[in-house]
Amino acid sequence: MIQKYYFLLFCLFPLISCSQNKKVDSEPTKIQSPSINQNFTTLKFEANGKPCLASINDRYIDFKEKSIFSLSLFIMVNTLDKNKDGHPTEKEALIFNNLQTEIIQELSKVLGDYCYVGTTTMTGYRDILLYIKPEDQKKAIEVLERFKKEQSRMESISFESDPKWEAVSSFYEATNAIKN
């Protein structure tokens, strides 16, 4: 059953990662029709002795414009219906994927360009990982605060200046190692 979930999750990412339709050297674009050419790498790791997953957008391996999108935006969503590892059940995964799609669509309306890095699945929660322009922080807060009021699963929204994308660098190092 968990394998079906991961396969479903892997298949859905191209449909919800809509802001990445240009080459790696160029700036991301506004949301458009979903692109089937998106590639994500699934990484398995442990945190506090518990299994975790990251699904990372390969588009940003060696991305040259990190300094333009220097503000990390991590959205933590609680997992309510979970398995023994604290990971979402199939039903919960569908709810998360729908919520994630709504969030990304709404953010893309107000942000324009942004970088959707991927998600992590940890014990009891999942993170949506994005990088945005610092000047777009206020717009993002307005959208996300509305979602947070409407959606009890949204635990937190955090921003951090990260011009070198250090918060996700280990994911990209692992992704790059797998690709080579």
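Quick note: structure is the one above.
A brief look at the structure comes next. (Residues numbered from 1 in each chain as written. Predicted model: local features only at pLDDT ≥ 70, side-chain atom pairs only at ≥ 80, totals over all residues. Heavy atoms only, no water.)

Within the chain, the regular secondary structure consists of four helices and six strands. Reading the chain from its N terminus to its C terminus gives the helix and strand order α-β-β-β-α-β-β-α-β-α. For the chain, the residues scored as buried account for 49% of the 180 residues in total. Restricting the contact set of the chain to residue pairs at least 6 apart, pairs at least 24 apart contribute 71%. With an accessible surface of roughly 9,100 Å², the chain has 51% of that area assigned to carbon and sulfur atoms. (Helix = DSSP H or I, 4+ residues; strand = E, 2+ residues; numbered from the N terminus. Buried < 20%, exposed > 50% of the residue type's maximum accessible area, 1.4 Å probe, protein only. Contact = heavy atoms within 4.5 Å. Areas by Shrake-Rupley, 256 points an atom, 1.4 Å probe, with all protein chains shown as cover.)

Counting residues in hydrophobic clusters, the biggest one holds 22 residues, and the most contacted among them are Leu73, Ile75, Ile103, Leu107, Ile128, Leu144 and Met154. For this core, the secondary-structure elements that each account for two or more residues are β3 (71-78), α2 (90-111), β5 (125-132), α3 (137-150) and β6 (154-161). Ranked by residue count, the leading element in this core is α2, at six residues. Non-local contacts of isoleucine 75, meaning those with residues more than four positions away in its chain, are made with Ile103, Leu107, Arg126, Asp127, Ile128, Leu130, Leu144, Met154 and Ser156. (Core = buried A, V, L, I, M, F, W, Y, C linked by side-chain atoms within 4.5 Å.)

According to the stated counting rule, one finds two cavities of 30 Å³ or more in the structure shown. Approximately 30 Å³ is the volume attributed to the second largest cavity. In this structure, the second largest cavity is lined by Val77, Asn78, Thr79, Pro88, Glu92, Phe96, Arg126 and Arg153. Every element with two or more residues in the lining of the second largest cavity is listed here: β3 and α2. Class assignment of the residues belonging to the lining of the second largest cavity gives a composition of three nonpolar, two polar and three charged. (1 Å grid on protein atoms, 1.4 Å probe; cavity = no way out; pocket = protein on both sides within 12 Å on 5 of 7 lines; lining within 4 Å. Points joined across faces, edges and corners; volume = space filled by probe spheres on them. Nonpolar A, V, L, I, M, F, W, Y, C, P; charged D, E, K, R; others polar.)

If you want to describe how two helices pack, look at the angle between their axes and the distance between the axes. Interhelical geometry of α2 versus α3 gives an angle of 150 degrees and a closest axis separation of 9 Å. Put simply, α2 runs roughly antiparallel to α3. With respect to the hand of their crossing, α2 and α3 are arranged in right-handed fashion. Contacts from Leu99, Glu102, Ile103, Glu106, Leu107, Val110 and Leu111 in α2 reach Lys139, Ala140, Val143, Leu144, Arg146 and Phe147 in α3. Among the residues making up the contact of α2 with α3, the classes are represented as nine nonpolar, no polar and four charged. (Axes fitted to C-alpha atoms, helices over the stretch in contact; angles between N-to-C directions. Parallel < 35°, antiparallel > 145°, perpendicular 65-115°, else oblique. Left-handed = near helix turned anticlockwise from the far one by under 90°.)

In the Ramachandran plot, aspartate 62 falls in the positive-phi region, its phi being about 60 degrees despite a non-glycine side chain. Its identity as a non-glycine residue notwithstanding, tryptophan 165 has a phi of 55 degrees, on the positive side. Inspection of the secondary structure puts tryptophan 165 in the loop between β6 and α4 (169-179). Here tryptophan 165 falls in the buried class, since its relative accessible area comes to 1%.

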